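So you can see what is in the structure, the chains are spelled out below.
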Amino acid sequence: MPEKEELTLEESFEKLEEMLEKLEDRELPLEESFQLYQKGMELLKACNEKIDLVEKKILVMNGDGGLDEF
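Structural notes, computed from the coordinates. This structure is a prediction, so every number in the text was calculated from the model and none was measured.

1. Description of a nonpolar patch on the surface
Taken together, the side chains of Leu20, Leu23, Tyr37, Met41 and Leu44 define a hydrophobic patch exposed on the protein surface, amounting to about 450 Å² of accessible area. Of all the elements in the fold, those that place two or more residues in the nonpolar patch are α1 (9–23) and α2 (30–57). The element contributing the most residues to the nonpolar patch is α2, with three residues. Residue classification places Leu23 among the partly exposed positions, given a relative accessible area of 31%.

2. Regarding the side chain of Ser12
Along the chain, Ser12 turns up in helix α1. Note on Ser12: relative accessible area 3%, which makes it buried. In contact with Ser12, not counting residues within four places along its chain, are Leu7, Leu43, Cys47 and Lys50.

Conventions adopted
- Residues numbered from 1 in each chain as written.
- Predicted model: local features only at pLDDT ≥ 70, side-chain atom pairs only at ≥ 80, totals over all residues.
- Heavy atoms only, no water.
- Patch = residues over 30% accessible without salt bridge, like charges linked within 9 Å, V, L, I, M, F, W, Y side chains within 5 Å.
- Areas by Shrake-Rupley, 256 points an atom, 1.4 Å probe, with all protein chains shown as cover.
- Salt bridge = Lys/Arg side-chain N within 4 Å of Asp/Glu carboxyl O.
- Helix = DSSP H or I, 4+ residues; strand = E, 2+ residues; numbered from the N terminus.
- Buried < 20%, exposed > 50% of the residue type's maximum accessible area, 1.4 Å probe, protein only.
- Contact = heavy atoms within 4.5 Å.

Below is the structure:
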């Protein structure tokens, strides 16, 4: 089974925006709405994990002029 291609945060946000636009369509069948919602929630979870990882890597300058992880 091939690995899924990992999206950048920007690409993920674009996909989420597209999903939201589709979900706003009142003609969208309910089953498809649930599938889109589920995929969107999975994508949102992946985005949150990436953001958490980046936040942990942020470096801040300490009082001695050195860098510490945030």
